[in-house]
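Topology and contacts: notes
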Amino acid sequence: MAEPGVETRTRSTVITARAAATFDPVGRSVAAARAFVRDTLQGWGYTDVVDDAVVLTSELVTNAVIHAGTAADVLCLRTEEGVRVEVADRYPEREVPIQGTGRSLGSPDRENGRGLLLCAALASRWGVEYSPTRKQVWFQLDLPERPVGTRSAGPVLPVDLLPVADERVRVAVVQVDRGGTVAAWNQDAEHLFGHTADQVVGKPLGDLAAWPHTPGTGTGFAEALRLSRWEGSYGLRGTDGRVIPVYASHLRVRDTDGEPSTVCLLVRDYERAVLQSPARTPVTDSGTEGRSTDPFEVFIGSPAPDDLDGLLQRTVERARDMLDGDAAFLLLATDDETELEVRATTGLPSARQRFARVPVEAAGTGRYSSARMPAVHEDLGAVPGAVPLLGGTGMRSVVTVPLKVEGRLTGSLGVAAEAPGRYSNEEALRLQFAADRIALAVESARLGELERLRRGSLSFLVEASDLLAGTLDRDQTLALMAQMTVPTLATWCAVYTIADQSSEPFLSYVLHEDEERIDGLKALLSKIPPPEPVPSPGARIWTSPGDAAHQSALRTSMRELGLGSTPLSSGIGTTLATAAAVGGETVVLPLVARNRVIGMLTLGKPSEDHFRQEILELAEDLSRRAALALDNARLYSERTAISQSLQRSLLPPGLPQVPGVEVDVIYRAAGEGNEVGGDFYDLFPIRDNAYGFAIGDVCGTGPEAAAVTGLARHALRLLAREGFSGPAVLERLNAAILDEGARSRFLTLLYGELWPQEDGSAVLKVVCAGHPLPLRLRQDGTVQPAAEPQPLLGVMEDLELYEETVTLDPGDVLLCVTDGVTERREGTRMLGDDGLAEVLTTCTGLTAGAVAARVLRAVERFAAEPASDDMAILAMRVPEPHTD
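Since this is a predicted model, take the numbers as computed values, not measurements.

What counts, and where the lines are drawn
- Residues numbered from 1 in each chain as written.
- Predicted model: local features only at pLDDT ≥ 70, side-chain atom pairs only at ≥ 80, totals over all residues.
- Heavy atoms only, no water.
- Salt bridge = Lys/Arg side-chain N within 4 Å of Asp/Glu carboxyl O.
- Helix = DSSP H or I, 4+ residues; strand = E, 2+ residues; numbered from the N terminus.
- Axes fitted to C-alpha atoms, helices over the stretch in contact; angles between N-to-C directions.
- Left-handed = near helix turned anticlockwise from the far one by under 90°.
- Contact = heavy atoms within 4.5 Å.
- Nonpolar A, V, L, I, M, F, W, Y, C, P; charged D, E, K, R; others polar.
- Patch = residues over 30% accessible without salt bridge, like charges linked within 9 Å, V, L, I, M, F, W, Y side chains within 5 Å.
- Areas by Shrake-Rupley, 256 points an atom, 1.4 Å probe, with all protein chains shown as cover.
- Lys, Arg positive; Asp, Glu negative; His and termini not counted.
- Charge placed at Lys NZ, Arg CZ, Asp CG, Glu CD.
- Buried < 20%, exposed > 50% of the residue type's maximum accessible area, 1.4 Å probe, protein only.
- Pairing = 2+ DSSP bridges.
- Parallel < 35°, antiparallel > 145°, perpendicular 65-115°, else oblique.
- 1 Å grid on protein atoms, 1.4 Å probe; cavity = no way out; pocket = protein on both sides within 12 Å on 5 of 7 lines; lining within 4 Å.
- Points joined across faces, edges and corners; volume = space filled by probe spheres on them.

**Some thoughts on the pattern of salt bridges**
Applying the stated criterion across every chain, the model contains 30 salt bridges. A salt bridge links Asp-309 to Arg-343; its shortest N-O distance comes to 3.2 Å. Of this pair, Asp-309 sits in helix α8 (residues 308-322) while Arg-343 sits in strand β13 (residues 339-346), placing them 34 residues apart in sequence. Arg-455 is the salt-bridge partner of Glu-451, the closest N and O atoms lying 3.0 Å from each other. Remark: Arg-455 and Glu-451 occur in helix α10 (residues 425-469); sequence separation between them is 4 residues, near one turn of the helix. Through salt bridges with shared partners, a single ionic network connects Asp-52, Glu-451 and Arg-455.

**Side note on the packing of helix α2 (residues 50-68) against α10**
It is at 9 Å that the axes of α2 and α10 come closest, and there the two elements cross at 35°. For the pair α2 and α10, the sense of crossing is left-handed. Side by side, α2 and α10 meet where Asp-51, Asp-52, Val-54, Val-55 and Ser-58 of the first sit next to Arg-452, Arg-455, Gly-456, Leu-458, Ser-459, Val-462 and Glu-463 of the second. Of the residues belonging to the contact of α2 with α10, the class tally is 4 nonpolar, 3 polar and 5 charged.

**Some details on the environment of Tyr-496**
Considering the arrangement of structural elements, one finds Tyr-496 in strand β18 (residues 492-497). Between the C-alpha atoms of Tyr-496 and Ser-508, which are 12 residues apart in sequence, the distance is 5.5 Å.

**Here we look at a negative patch on the surface**
A cluster of acidic residues, Asp-739, Glu-797, Asp-798 and Glu-800, forms a negative patch at the surface. The residue Glu-800 is located in the loop between β29 (783-785) and β30 (804-808) in this model.

**A short note on the pairing of strand β6 (residues 172-176)**
The side-chain alternation of β6 yields one buried face, formed by Ala-172, Val-174 and Val-176, and one unburied face, formed by Val-173 and Gln-175. Bridge count between β6 and strand β11 (residues 260-268): 5 bridges; the pairing is antiparallel. When the bridges of β11 are listed, Ala-172 appears paired with Leu-266. Where β6 and strand β7 (residues 182-185) come together, 3 bridges link them in antiparallel fashion. Each bridged residue has a counterpart across the sheet, and for Val-174 the counterpart in β7 is Trp-185. Connecting β6 to the next strand, β7, in antiparallel fashion are 5 residues, including Gly-180 with a positive phi near 90°.

**With respect to the packing of helix α1 (residues 28-44) against α10**
Two numbers describe a pair of packed helices, the interaxial angle and the distance between the axes. The geometry of α1 relative to α10 is characterised by a closest axis approach of 11 Å and an angle of 150° between their N-to-C directions. One finds that α1 runs roughly antiparallel with respect to α10. Seen along the crossing, α1 lies across α10 with a hand that is left-handed. Residue-level inspection shows Ala-31, Arg-34 and Arg-38 of α1 in contact with α10, the latter providing Ser-459, Val-462, Glu-463 and Asp-466.

**Focus: empty space enclosed by the protein**
Going through the model one piece at a time under the given rule, you end up with 1 cavity of 30 Å³ or more. Here the largest cavity defines a volume of roughly 30 Å³. Lining the largest cavity are Leu-777, Arg-778, Gln-779, Gly-811, Val-813, Cys-843, Thr-844, Gly-845 and Leu-846. Broken down by class, the residue content of the lining of the largest cavity amounts to 4 nonpolar, 4 polar and 1 charged.

Keep in mind these values describe shape, not function.
Have a look at this one:
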């Protein structure tokens, strides 16, 4: 029996679909899990809960694959009420804090543990289930309630009052693809218009349409086909050229691949009752006799649009019709009520005006200075600029009224006409009455849209942070910044970087949603001064790109007309296209990291387009994350460059040519970004026909080990060239290491001196101080140590070292390695000295380079895992004399 308060999946829950996937314990699995959940829920049609599900899954999978370090099993279950997502890991020991027990769920600013906090905030229900081998966290997201029942109904009518239709009602079904061409044409369409499917499929439907162009109506046929819903009358031309009036109902849909199309249902215009949505009529039952329906629905119509854009568009159309205007517009107030943003227009160039912002309080004085009060402009010609939104539109008179909810300004509604003197206070009162009816519905829809945007923004920022955190490469970070903003937030983007306080901003990256515009955009931005690196937060308008593009397009047009002083270039198309691309609003956001402006993120829109305030706020959040990621990449690049430069200084610049002796070295440093580890080698001339060589291994890693490595290599060269013998060189090096005190590290070192002989042999004197013994390979294939072990350096003060003499005959090889070679492991097995000797026996007759390569290949093949220790291999071979 379940404990009280613990959610369980009951038998009555009907699972209608399921999808499962397992993700490995690596960082990239988090993004893969998000994509899996998003694709699954969108495929099921559960778009209302996608963003919440993605955010919760991201946190829970992060806990599993990153913090717990185990694989994550994700299971999506579809039910009639909503969706349930289960995330399980293989780490059952962790406790889960429970609310109400005095134990906190944790802070949302913590690196981990936020998954349960988000579940409590976003999920309808959630819970945790344990088993001996795994822990499972699940959450349930219920679908939002939708009204059910009858949308509209009419009374029973006598037969003679029913609408008249032909004996056989025909409904033409026409499907139009993204480009407006006919994709499907049914038999009823052939009967009504005479065209067969073969004749019209693949051709634009607009070629057959006779679309009414009424004054003040900005929607054309192509635009109507792109609307989510449209209903009304127009005409279609038959095979005889006559226009057949039809009544149409359009519905925008998308297929399973996400490709949009429009389904058009058409009937003869006099049979419109078959498709037409009936108007809401007054209710006259016994309880409500004589009372009309909601004034909001009287104004908007029924059914009312269920999305904000649809509601606003219906509002301006009804307001225009109510006052017999030529245009109408609706603006929504920002949260601080200082600006109004254009959200819907009719009869105006909507593409140019959408999301433009105007101040609530105008600069002038008088009755038209504030959007908080109704206003009537009898003649805009007499007051130029009084309503900037209508500039250049030909409108002469306008009436505007505020939308208010509980005394707070939420928007402004206006109707305009091309003739002056059309409106008076009476029309203002009528429009205000309508505005009061719809203000609450508009505000409710706006808040719903903001909530959806907030959830979508949260999901976007989660994915953006994940991508930015996944790289420390500067160029890749710049590319990610641009690709995340285009086309999601802007049409084009440019990133400027600042190397230091004294440097000018540098144009580092440019991206446009149309790749063919990138070169022209980059050329334009390169010709104008960069924006000022202002550290103040927020987006600021930057007019220079638009002004420069306008001037360039103007000069090009003048040359085309023969009015310019220079001949017309072949780049006129690129110039005009670039001008259109940057002709809209351009904003600059500072990239501030660690209290310093390190660059600017520039976002732009095409001609006459504007940014939404919500988009700018999201871009500001993104710029903060991107700035820190970019600065981290810069610091990492600088640190890596310094580290690699210092590391390279610890290795010899090159190997000298030794007469009569082949020498080859292979060096492999373990660890990402390392060029040098704790192992080192050297080969250098001491004096004429005498060479010193060394191979060593410093205990530990990091700066202290690197310091001992540098000390050893340079001390060996200096002391050997001063004429000291091998033991004396190592004894003085031992004293120098001990002088380092707490920074000292013990060192194993094989040091020797090499003298090539005239008879083709080579004499070596070696000292092996705690290092793996050198191995000598003879021509007959026998392998034996070439020295005796002696104490290592950096441990004892008084060392008594001695050198041993080895003669390499022609064909002999001396192999010197560090312990990364001999201590190569696979489970409990180790290569060891015997394994290395066995490999060396197979190298008879090989050159020094081939011997070193074969040893390295044997070491790599000994274990499947990458090497965890540094390796150095030094091979010296006396070649056999050539015989003719």
